[in-house]
Amino acid sequence: MNRMKLQNRSLEIAYHDVGEGTPCLLLHGFCGSSAYWDELIPLLAPHFRLIVPDLPGHGQSSVPEQPYPIEAYADDLNQLLRQLQIDQAVWFGHSMGGYITLAAAERHAPDLIAFGLIHSTANPDDEKGKQNRDKSMQTIEQDGIEVFIDGLIPKLFAPQHLTAMPEKVEKAKSIGRLTPPSGAQTALMAMKNRPDRNVVLQTTELPVFLAAGKNDQIVPPEKVFTVENELQNRVVIEQAGHMSMMEDPEFLANAIKRFLKR
Ligand code: MLT
(Lines give C-alpha, C1' and ligand atoms only; values in the text may rest on other atoms or scores of the structure.)
Protein backbone atom coordinates (compact mmCIF):
# COMPACT_ATOMS: atom_id res chain seq x y z
CA MET A 1 0.00 0.00 0.00
CA ASN A 2 1.30 3.47 -0.89
CA ARG A 3 0.73 6.60 1.15
CA MET A 4 0.46 10.19 -0.07
CA LYS A 5 0.35 13.29 2.09
CA LEU A 6 -1.81 15.90 0.40
CA GLN A 7 -0.05 19.20 -0.22
CA ASN A 8 -1.01 21.95 2.22
CA ARG A 9 -3.22 19.53 4.16
CA SER A 10 -2.61 17.31 7.16
CA LEU A 11 -4.43 14.46 5.39
CA GLU A 12 -2.63 11.29 4.30
CA ILE A 13 -4.27 8.92 1.82
CA ALA A 14 -3.40 5.23 1.56
CA TYR A 15 -3.88 3.79 -1.94
CA HIS A 16 -2.98 1.03 -4.40
CA ASP A 17 -1.63 1.96 -7.83
CA VAL A 18 -1.63 -1.06 -10.15
CA GLY A 19 -1.76 -1.78 -13.87
CA GLU A 20 -1.18 0.37 -16.94
CA GLY A 21 -3.43 2.23 -19.33
CA THR A 22 -6.35 4.60 -18.84
CA PRO A 23 -6.34 5.69 -15.19
CA CYS A 24 -9.40 4.56 -13.23
CA LEU A 25 -10.11 5.63 -9.68
CA LEU A 26 -12.10 3.04 -7.68
CA LEU A 27 -13.85 4.43 -4.60
CA HIS A 28 -15.36 2.11 -2.00
CA GLY A 29 -18.45 2.87 0.09
CA PHE A 30 -19.17 3.75 3.71
CA CYS A 31 -17.18 1.71 6.26
CA GLY A 32 -15.40 -0.14 3.46
CA SER A 33 -11.80 0.15 2.30
CA SER A 34 -9.77 -0.44 -0.84
CA ALA A 35 -10.02 -4.15 0.07
CA TYR A 36 -13.64 -4.09 -1.18
CA TRP A 37 -12.10 -4.17 -4.68
CA ASP A 38 -9.73 -7.11 -4.04
CA GLU A 39 -11.51 -9.36 -6.52
CA LEU A 40 -11.94 -6.68 -9.20
CA ILE A 41 -8.28 -5.59 -9.22
CA PRO A 42 -6.84 -8.73 -10.90
CA LEU A 43 -9.66 -8.64 -13.47
CA LEU A 44 -9.17 -4.97 -14.43
CA ALA A 45 -5.46 -4.29 -13.85
CA PRO A 46 -4.37 -6.08 -17.09
CA HIS A 47 -6.34 -3.41 -19.01
CA PHE A 48 -6.25 -0.19 -16.98
CA ARG A 49 -4.23 1.69 -14.40
CA LEU A 50 -6.16 1.42 -11.15
CA ILE A 51 -5.85 3.92 -8.34
CA VAL A 52 -7.65 2.39 -5.37
CA PRO A 53 -7.60 4.52 -2.21
CA ASP A 54 -8.96 4.09 1.27
CA LEU A 55 -11.37 7.02 1.58
CA PRO A 56 -10.39 9.71 4.12
CA GLY A 57 -11.44 8.43 7.56
CA HIS A 58 -11.45 4.79 6.39
CA GLY A 59 -8.93 1.93 6.29
CA GLN A 60 -5.38 3.22 6.58
CA SER A 61 -6.07 6.79 5.45
CA SER A 62 -6.09 9.49 8.09
CA VAL A 63 -9.28 10.95 9.52
CA PRO A 64 -10.04 14.46 8.28
CA GLU A 65 -11.16 17.20 10.61
CA GLN A 66 -14.85 18.05 10.63
CA PRO A 67 -16.62 19.66 8.94
CA TYR A 68 -15.75 17.47 5.96
CA PRO A 69 -18.59 17.41 3.44
CA ILE A 70 -18.87 15.09 0.41
CA GLU A 71 -17.32 17.85 -1.73
CA ALA A 72 -14.15 17.77 0.41
CA TYR A 73 -13.70 14.03 -0.29
CA ALA A 74 -14.03 14.80 -4.04
CA ASP A 75 -11.56 17.70 -3.89
CA ASP A 76 -9.01 15.74 -1.87
CA LEU A 77 -9.19 12.64 -4.09
CA ASN A 78 -8.80 14.84 -7.15
CA GLN A 79 -5.76 16.32 -5.42
CA LEU A 80 -4.39 12.80 -4.90
CA LEU A 81 -4.65 12.21 -8.68
CA ARG A 82 -2.93 15.53 -9.39
CA GLN A 83 -0.06 14.63 -7.06
CA LEU A 84 0.22 11.34 -8.96
CA GLN A 85 0.56 13.44 -12.17
CA ILE A 86 -2.69 12.01 -13.52
CA ASP A 87 -4.42 14.74 -15.54
CA GLN A 88 -7.62 12.85 -16.30
CA ALA A 89 -9.20 9.67 -14.95
CA VAL A 90 -12.37 7.65 -15.02
CA TRP A 91 -14.00 7.76 -11.58
CA PHE A 92 -16.03 4.80 -10.31
CA GLY A 93 -17.77 5.05 -6.96
CA HIS A 94 -19.53 2.39 -4.94
CA SER A 95 -22.43 3.86 -2.94
CA MET A 96 -20.88 6.64 -0.80
CA GLY A 97 -18.00 6.54 -3.30
CA GLY A 98 -20.64 7.35 -5.93
CA TYR A 99 -21.82 10.39 -3.96
CA ILE A 100 -18.20 11.56 -4.02
CA THR A 101 -17.92 10.77 -7.74
CA LEU A 102 -20.99 12.89 -8.51
CA ALA A 103 -19.50 15.78 -6.55
CA ALA A 104 -16.29 15.37 -8.60
CA ALA A 105 -18.30 15.33 -11.85
CA GLU A 106 -19.87 18.61 -10.77
CA ARG A 107 -16.74 20.35 -9.48
CA HIS A 108 -13.91 18.88 -11.57
CA ALA A 109 -15.55 17.77 -14.85
CA PRO A 110 -12.49 18.65 -17.02
CA ASP A 111 -10.44 16.18 -14.93
CA LEU A 112 -12.82 13.29 -15.60
CA ILE A 113 -12.88 11.11 -18.75
CA ALA A 114 -16.11 9.37 -17.71
CA PHE A 115 -17.67 8.21 -14.46
CA GLY A 116 -19.59 5.33 -12.96
CA LEU A 117 -21.99 4.94 -10.06
CA ILE A 118 -22.14 1.44 -8.61
CA HIS A 119 -25.12 0.87 -6.27
CA SER A 120 -25.29 4.61 -5.74
CA THR A 121 -27.76 7.42 -6.32
CA ALA A 122 -27.98 11.09 -7.24
CA ASN A 123 -30.90 11.47 -4.81
CA PRO A 124 -30.23 13.12 -1.44
CA ASP A 125 -31.26 11.57 1.89
CA ASP A 126 -34.97 11.97 2.61
CA GLU A 127 -36.13 12.95 6.13
CA LYS A 128 -36.20 9.33 7.32
CA GLY A 129 -32.74 8.77 5.85
CA LYS A 130 -31.41 11.78 7.74
CA GLN A 131 -32.93 10.49 10.99
CA ASN A 132 -31.27 7.14 10.37
CA ARG A 133 -27.90 8.90 10.01
CA ASP A 134 -28.45 10.42 13.46
CA LYS A 135 -29.35 7.00 14.88
CA SER A 136 -26.22 5.49 13.32
CA MET A 137 -24.07 8.22 14.89
CA GLN A 138 -25.66 7.47 18.25
CA THR A 139 -25.09 3.72 17.93
CA ILE A 140 -21.42 4.28 17.12
CA GLU A 141 -21.11 6.67 20.06
CA GLN A 142 -22.92 4.44 22.58
CA ASP A 143 -22.23 0.86 21.47
CA GLY A 144 -19.05 1.20 19.40
CA ILE A 145 -18.12 0.59 15.79
CA GLU A 146 -18.19 -3.24 16.04
CA VAL A 147 -21.82 -3.41 17.11
CA PHE A 148 -22.70 -0.90 14.40
CA ILE A 149 -20.86 -2.86 11.69
CA ASP A 150 -22.40 -6.18 12.75
CA GLY A 151 -25.81 -4.57 12.22
CA LEU A 152 -24.91 -2.87 8.94
CA ILE A 153 -23.10 -5.47 6.85
CA PRO A 154 -25.84 -8.14 6.59
CA LYS A 155 -28.08 -5.49 4.98
CA LEU A 156 -25.52 -4.93 2.21
CA PHE A 157 -25.67 -8.45 0.78
CA ALA A 158 -28.53 -10.03 -1.16
CA PRO A 159 -30.48 -12.11 1.40
CA GLN A 160 -29.56 -15.40 -0.31
CA HIS A 161 -25.85 -14.55 -0.08
CA LEU A 162 -25.81 -14.32 3.72
CA THR A 163 -25.82 -18.10 3.84
CA ALA A 164 -24.26 -18.78 0.41
CA MET A 165 -21.20 -16.50 0.91
CA PRO A 166 -20.50 -16.39 4.65
CA GLU A 167 -16.77 -15.79 4.14
CA LYS A 168 -17.45 -12.66 2.05
CA VAL A 169 -19.89 -11.33 4.64
CA GLU A 170 -17.23 -11.96 7.31
CA LYS A 171 -14.59 -10.19 5.20
CA ALA A 172 -16.83 -7.11 4.80
CA LYS A 173 -17.39 -7.12 8.57
CA SER A 174 -13.68 -7.28 9.34
CA ILE A 175 -13.00 -4.41 6.92
CA GLY A 176 -15.79 -2.36 8.51
CA ARG A 177 -14.59 -2.95 12.06
CA LEU A 178 -11.28 -1.28 11.15
CA THR A 179 -13.03 2.03 10.37
CA PRO A 180 -12.03 4.67 12.92
CA PRO A 181 -15.28 5.66 14.72
CA SER A 182 -14.58 9.35 14.04
CA GLY A 183 -14.09 8.53 10.34
CA ALA A 184 -17.48 6.78 10.23
CA GLN A 185 -19.13 9.74 12.02
CA THR A 186 -17.59 12.18 9.56
CA ALA A 187 -18.90 10.11 6.63
CA LEU A 188 -22.42 9.89 8.13
CA MET A 189 -22.55 13.66 8.50
CA ALA A 190 -21.29 14.16 4.93
CA MET A 191 -23.87 11.73 3.49
CA LYS A 192 -26.69 13.27 5.54
CA ASN A 193 -25.92 16.75 4.21
CA ARG A 194 -25.21 15.90 0.59
CA PRO A 195 -27.41 17.73 -1.94
CA ASP A 196 -29.56 16.35 -4.74
CA ARG A 197 -27.22 15.82 -7.72
CA ASN A 198 -29.72 14.60 -10.32
CA VAL A 199 -28.96 17.71 -12.34
CA VAL A 200 -25.36 16.47 -12.69
CA LEU A 201 -26.57 13.12 -14.05
CA GLN A 202 -28.97 14.86 -16.38
CA THR A 203 -26.65 17.50 -17.81
CA THR A 204 -23.21 15.87 -17.76
CA GLU A 205 -21.45 15.60 -21.09
CA LEU A 206 -19.36 12.69 -19.83
CA PRO A 207 -20.15 9.02 -20.50
CA VAL A 208 -21.85 7.55 -17.42
CA PHE A 209 -21.94 3.95 -16.19
CA LEU A 210 -24.74 3.00 -13.79
CA ALA A 211 -24.78 -0.39 -12.08
CA ALA A 212 -27.61 -1.59 -9.84
CA GLY A 213 -27.96 -4.80 -7.84
CA LYS A 214 -31.31 -6.47 -8.35
CA ASN A 215 -31.53 -7.32 -4.63
CA ASP A 216 -30.02 -4.12 -3.25
CA GLN A 217 -31.86 -3.19 -0.05
CA ILE A 218 -29.87 0.04 0.47
CA VAL A 219 -29.98 1.63 -3.01
CA PRO A 220 -32.51 -0.34 -5.10
CA PRO A 221 -32.40 -0.05 -8.93
CA GLU A 222 -35.06 2.67 -9.10
CA LYS A 223 -32.82 4.94 -7.02
CA VAL A 224 -29.83 4.28 -9.29
CA PHE A 225 -31.72 4.98 -12.52
CA THR A 226 -33.25 8.33 -11.62
CA VAL A 227 -32.78 10.30 -14.82
CA GLU A 228 -32.31 9.53 -18.51
CA ASN A 229 -29.31 10.69 -20.48
CA GLU A 230 -28.23 9.28 -23.82
CA LEU A 231 -24.62 8.97 -22.62
CA GLN A 232 -25.69 6.47 -19.96
CA ASN A 233 -24.76 2.80 -19.88
CA ARG A 234 -27.01 0.89 -17.50
CA VAL A 235 -26.56 -2.59 -16.06
CA VAL A 236 -28.63 -4.55 -13.58
CA ILE A 237 -26.68 -7.25 -11.79
CA GLU A 238 -29.09 -10.10 -11.10
CA GLN A 239 -26.89 -11.89 -8.56
CA ALA A 240 -26.15 -8.90 -6.33
CA GLY A 241 -27.41 -6.79 -3.50
CA HIS A 242 -25.34 -3.71 -2.63
CA MET A 243 -21.95 -5.46 -2.95
CA SER A 244 -21.51 -6.68 -6.54
CA MET A 245 -17.73 -6.27 -6.29
CA MET A 246 -17.86 -9.18 -3.86
CA GLU A 247 -21.12 -10.90 -4.86
CA ASP A 248 -20.48 -11.08 -8.61
CA PRO A 249 -17.06 -9.56 -9.36
CA GLU A 250 -16.77 -11.11 -12.84
CA PHE A 251 -20.05 -9.65 -14.01
CA LEU A 252 -19.14 -6.20 -12.70
CA ALA A 253 -15.62 -6.31 -14.17
CA ASN A 254 -16.93 -7.35 -17.59
CA ALA A 255 -19.54 -4.58 -17.55
CA ILE A 256 -16.85 -2.02 -16.65
CA LYS A 257 -14.55 -3.33 -19.41
CA ARG A 258 -17.34 -3.09 -21.99
CA PHE A 259 -18.09 0.48 -20.88
CA LEU A 260 -14.45 1.57 -21.03
CA LYS A 261 -13.76 -0.07 -24.39
CA ARG A 262 -16.52 1.94 -26.09
C1 MLT B 1 -22.56 2.89 1.43
O2 MLT B 1 -22.51 1.67 1.19
O3 MLT B 1 -21.67 3.66 1.07
C4 MLT B 1 -23.72 3.43 2.23
O5 MLT B 1 -24.53 2.38 2.64
C6 MLT B 1 -24.48 4.41 1.46
C7 MLT B 1 -25.53 5.09 2.26
O8 MLT B 1 -25.72 4.78 3.45
O9 MLT B 1 -26.20 5.99 1.71
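Above: the structure in question.
Residue positions are given per chain, counting from 1 as you read along its sequence in written order. Predicted model: local features are reported for residues with pLDDT of at least 70 only, side-chain atom pairs are reported and counted for 80 or more only, and whole-chain, interface and lining totals are derived from all residues. Think of the side-chain values as coming from all heavy atoms in the structure, minus any hydrogens and water.

**Points about the packing of aromatic side chains**
And step 1. Ring pairs shown here join Phe, Tyr and Trp side chains whose ring centres sit within 6.5 Å, with only the six-membered ring taken for Trp; geometry is labelled stacked below 30 degrees between planes, edge-to-face above 60, and tilted in between. A full pass over the atoms with the stated rule returns 5 aromatic pairs.
And step 2. Here the aromatic rings of Tyr68 and Tyr73 are separated by 4.6 Å at their centres, their planes lie at 65 degrees, and the arrangement is edge-to-face.
And step 3. Residue Tyr68 is classed as buried on the basis of its relative accessible area, which comes to 6%.
And step 4. Three labels apply to residues, based on accessible area from a 1.4 Å probe with only protein chains included: buried if under 20% of the type maximum, exposed if over 50%, partly exposed otherwise in between. According to the relative accessible area criterion, Tyr73 is buried, its value standing at 0%.
And step 5. Considering the side-chain rings of Phe92 and Phe209, the 5.9 Å spacing of their centres and the 80 degrees angle between planes classify their relative orientation as edge-to-face. With a gap of 117 residues between them, Phe92 in strand 5 (residues 89–94) and Phe209 in strand 7 (residues 208–213) connect regions that are remote in the sequence. For the pair formed by Phe92 and Phe209, the shared burial category is buried.
And step 6. Among the aromatic residues, those joined into a ring-pair cluster are Phe92, Phe209 and Phe259. Put simply, DSSP marks the helices as runs of H or I at least four residues long and the strands as runs of E at least two long, and each gets a number from the N terminus on.

**A few points about the sheet that holds strand 8 (residues 232–237)**
And step 1. In space, the 8 strands of this open sheet follow the order 1-2-4-3-5-6-7-8, with mixed pairing throughout. The open sheet terminates on both sides in strands that have one partner only, identified here as strand 1 (2–5) and strand 8. Across this sheet, the average inter-strand angle for adjacent strands is 20 degrees, counted without regard to direction.
And step 2. In this structure, strand 3 (residues 23–27) lies alongside strand 4 (residues 49–53), joined through 3 bridges in parallel fashion. Residue pairing across strands places Leu25 opposite Ile51, the latter belonging to strand 4. For two strands to count as paired, DSSP must find a minimum of two bridges between them. Whenever a helix is involved, its axis is fitted only over the stretch in contact; in every case the axis is a line through C-alpha atoms, and angles between N-to-C directions fall within 0 to 180 degrees.

**A closer look at the site of the ligand**
And step 1. Here, proximity means that at least one heavy atom of the residue falls within 4 Å of the molecule or strand. Lining the immediate environment of the ligand, one finds Gly29, Phe30, Ser95, Met96, Tyr99, Arg133, Met191, Ile218 and His242.
And step 2. Met96 places a main-chain nitrogen or oxygen 2.9 Å from an oxygen atom of the ligand.
And step 3. With respect to the ligand, the side chain of Tyr99 contributes an N or O atom lying 2.5 Å from an oxygen atom.
And step 4. The method behind every accessible area is Shrake-Rupley, applied with a 1.4 Å probe, and residues are considered shielded solely by the protein chains displayed. When the ligand sits alone it has 270 Å² of accessible area, and the protein chains cover 90% of it.
And step 5. In terms of residue class, the shell around the ligand is made up of 5 nonpolar, 3 polar and 1 charged. In protein, a polar contact means a hydrogen-donor-capable atom and an acceptor-capable atom, both N or O and within 3.5 Å, with residues adjacent in sequence counting only if both atoms are side-chain atoms; elsewhere, any N or O pair within 3.5 Å suffices. Think of it as three bins: nonpolar holds Ala, Val, Leu, Ile, Met, Phe, Trp, Tyr, Cys and Pro, charged holds Asp, Glu, Lys and Arg, and polar takes everything else, Gly as well.

**Let's talk about the side chain of Asp125**
And step 1. Looking at the secondary structure, you find Asp125 in the loop between strand 6 (112–118) and helix 4 (127–143).
And step 2. Here the side chain of Asp125 touches Arg133 through a polar contact of 2.7 Å, side chain to side chain.
And step 3. Here Arg194 takes part through its side chain, which lies 2.7 Å from a polar atom of the side chain of Asp125.
And step 4. Note on contacts: a residue pair qualifies if any of its non-hydrogen atoms lie within 4.5 Å across the two residues. Those residues in contact with Asp125 that lie beyond four places of it in its chain are Lys130, Arg133, Met191, Lys192 and Arg194.

**Focus: unusual backbone geometry**
And step 1. Omega for the peptide link from Gln66 to Pro67 comes to -5 degrees, which places this bond in the cis form.
And step 2. Looking at where Pro67 falls in the secondary structure, it is placed in the loop between strand 4 and helix 2 (70–83).
And step 3. Located in the positive-phi region is Asn8, a residue other than glycine, with phi close to 60 degrees.
And step 4. By the secondary structure assignment, Asn8 is in the loop between strand 1 and strand 2 (12–18).

**With respect to the packing of helix 5 (residues 145–156) against helix 7 (residues 166–177)**
And step 1. Interhelical geometry of helix 5 versus helix 7 gives an angle of 145 degrees and a closest axis separation of 9 Å. Crossing handedness for the pair helix 5 and helix 7: right-handed. Of helix 7, the residues touching helix 5 (which contributes Ile145, Glu146, Ile149, Asp150, Ile153 and Pro154) are Val169, Ala172, Lys173, Gly176 and Arg177.
And step 2. Residues of the contact of helix 5 with helix 7, tallied by class, amount to 6 nonpolar, 1 polar and 4 charged. Two helices cross in a left-handed way if the nearer one is turned anticlockwise from the farther one by less than a right angle. They cross in a right-handed way if the turn is clockwise.

**Observations concerning the pairing of strand 1**
And step 1. Bridge count for strand 1 against strand 2 is 4 bridges, and the pairing is antiparallel. Across the sheet, residue Arg3 finds its bridge partner in strand 2, namely Ala14.

**Some thoughts on helix 12 (residues 249–261)**
And step 1. Between its first and last C-alpha atoms helix 12 spans 18 Å; for 13 residues at 1.5 Å apiece the expected length is 18 Å, and the two agree.
And step 2. Of the residues making up helix 12, those classed as buried are Pro249, Leu252, Ala253, Ala255, Ile256, Lys257 and Phe259. Expected span of a helix, by definition, is 1.5 Å for each gap between consecutive residues, and there is one gap fewer than residues.

Structural measurements only, silent on function.
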